[in-house]
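Notes for the structure review
Each chain, letter by letter, is given below.
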Amino acid sequence: MLSLPPLAGLVLAGGASSRMGVDKSLIEWHGKPQWMHLKELMESLGLQAFVSVAKAPSEADYFLEDLHANIGPMGGIYTAMKRHPQHAWLVVACDLPLVDREVLEWLISYRERGVSSVSCIGPGNFPEPLFSIWEPELLPVLDAKIEQKNYRLSGALEWGNALHPVCPWPEKLSNINTPDDRQKIQQNMRFNKYN
């Protein structure tokens, strides 16, 4: 039986965070910047983890600077796949502060031979491209989409044999885009900590 390609982790931290007003990847949800928390969470699962950024803040080899600027999250995913084409990628956006080991292991459990991607159905009742697994065979799909200047991720995740399991913990996929979102999540985290 053929084994699956090695899985690596990718934290998407290259966005402009314009609605938030501050860099979402630097918000400290768990006592450290969110990008670092997610990277360490992935590493705790035995994955080599990388951080997608628009401009690398240091020479650390885990930062992957986008090969194509200003095309959104597709730029980060494409860069990771292009630089490490033998890997599949567990992709998590930095604006998901409630993602934990349990939900990562759950998503990874859906990987199997012949499946091109796994993106769960989240709170909005649609596939979550920024909490997903991208297998190596999707690289030519991303190449074609970039050539066509079509930077939407959802279409790429429909290619081939895509799985869309329903997340049993949709609250863990709550994202933050605005200061109001941030305040609500912080209130929920404080409430859950003491109850």
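Everything here concerns the structure above.
Residues numbered from 1 in each chain as written. Predicted model: local features only at pLDDT ≥ 70, side-chain atom pairs only at ≥ 80, totals over all residues. Heavy atoms only, no water.

Glancing now at the state of the cysteines. All told, the structure shown has 0 disulfides when counted by the stated rule. Looking at the unpaired Cys120, the closest cysteine sulfur is the one in Cys167, lying at 4.9 Å. On the basis of relative accessibility, which here comes to 0%, the residue Cys120 falls in the buried class. (Disulfide = S-S within 2.5 Å. Buried < 20%, exposed > 50% of the residue type's maximum accessible area, 1.4 Å probe, protein only.)

Let us now look at the pattern of salt bridges. Overall, the coordinates contain 7 salt bridges when judged by the stated rule. In this structure, Glu102 engages Lys172 in a salt bridge whose closest nitrogen and oxygen atoms are separated by 2.5 Å. Of the two residues, Glu102 is situated in helix H3 (residues 101–108) and Lys172 in the loop between strand E7 (162–163) and helix H6 (179–193); the sequence distance between them amounts to 70 residues. When its relative accessible area of 40% is taken as the criterion, Glu102 is described as partly exposed. Residue Arg111 pairs with Glu135 through a salt bridge whose shortest N-O separation is 2.7 Å. Remark: Glu135 occurs in the loop between strand E6 (127–134) and helix H4 (139–147) and Arg111 occurs in the loop between H3 and strand E5 (117–121); sequence separation between them is 24 residues. The pair formed by Arg111 and Glu135 is uniform in burial state, with each residue classed as buried. (Salt bridge = Lys/Arg side-chain N within 4 Å of Asp/Glu carboxyl O. Helix = DSSP H or I, 4+ residues; strand = E, 2+ residues; numbered from the N terminus.)

This part is about the side chain of Thr79. Inspection of the secondary structure puts Thr79 in helix H2 (residues 73–83). Here Thr79 falls in the buried class, since its relative accessible area comes to 0%. Excluding residues that lie within four positions of it along the chain, Thr79 makes contacts with Leu64, Glu65, Asp66 and Leu67. (Contact = heavy atoms within 4.5 Å.)

Along the chain, Gly75 falls in helix H2. By relative accessible area, Gly75 is classed as buried at 0%. Considering only alpha carbons, one finds Gly75 and Ala54, 21 residues apart in sequence, at a separation of 8.7 Å. Excluding residues within four positions of it along the chain, Gly75 makes contact with Asp66 and His68.

Our focus in this paragraph is the pairing of strand E1 (residues 7–12). Summarising burial for E1: 6 of the 6 residues are buried, a large majority. Both faces of E1 are covered, namely the face carrying Leu7, Gly9 and Val11 and the face carrying Ala8, Leu10 and Leu12. Where E1 meets strand E4 (residues 88–93), 6 bridges bridge the pair, whose relative direction is parallel. Of the residues in E4, the one forming a bridge with Leu10 is Val91. Two strands pair when backbone bridges link them, and E1 and strand E2 (residues 48–53) are joined in this way by 5 bridges, in the parallel orientation. Bridge pairing links Gly9 to Ala49 in E2. (Pairing = 2+ DSSP bridges.)

When you line up the elements, Ser116 lands in the loop between H3 and E5. As for Ser116 and Pro136, which are separated by 20 residues in sequence, their C-alpha atoms are 7.8 Å apart. The residues contacting Ser116, other than those within four sequence positions of it, are Ile133, Trp134, Glu135, Glu137, Leu138, Trp159, Gly160, Asn161 and Ala162. Engagement of the side chain of Ser116 in a polar contact is seen with the backbone oxygen of Trp159, the distance being 2.8 Å. (Polar contact = N/O pair within 3.5 Å; in protein donor to acceptor, adjacent residues only side chain to side chain.)

Within the structure shown, the criterion is met by 6 aromatic pairs. Ring geometry for Trp35 and Phe63: centres 5.4 Å apart, planes at 55°, overall tilted. Taken together, the residues span a long stretch of sequence, with Trp35 in helix H1 (residues 34–44) and Phe63 in strand E3 (residues 63–65) at a distance of 28 residues. The pair Trp35 / Phe63 is uniform in exposure class, with both members buried. Ring pairs connect the aromatic residues Trp35, Tyr62 and Phe63, which therefore count as one cluster. For the cation-ring pair, Lys172 lies above Trp169, with the distance from its terminal atom to the ring centre recorded as 4.6 Å. (Phe/Tyr/Trp six-rings, centres within 6.5 Å; stacked < 30°, edge-to-face > 60°. Lys NZ or Arg CZ within 6 Å of the ring centre and 35° of its normal.)

Everything listed here is a matter of geometry and, on its own, says nothing about what the molecule does.
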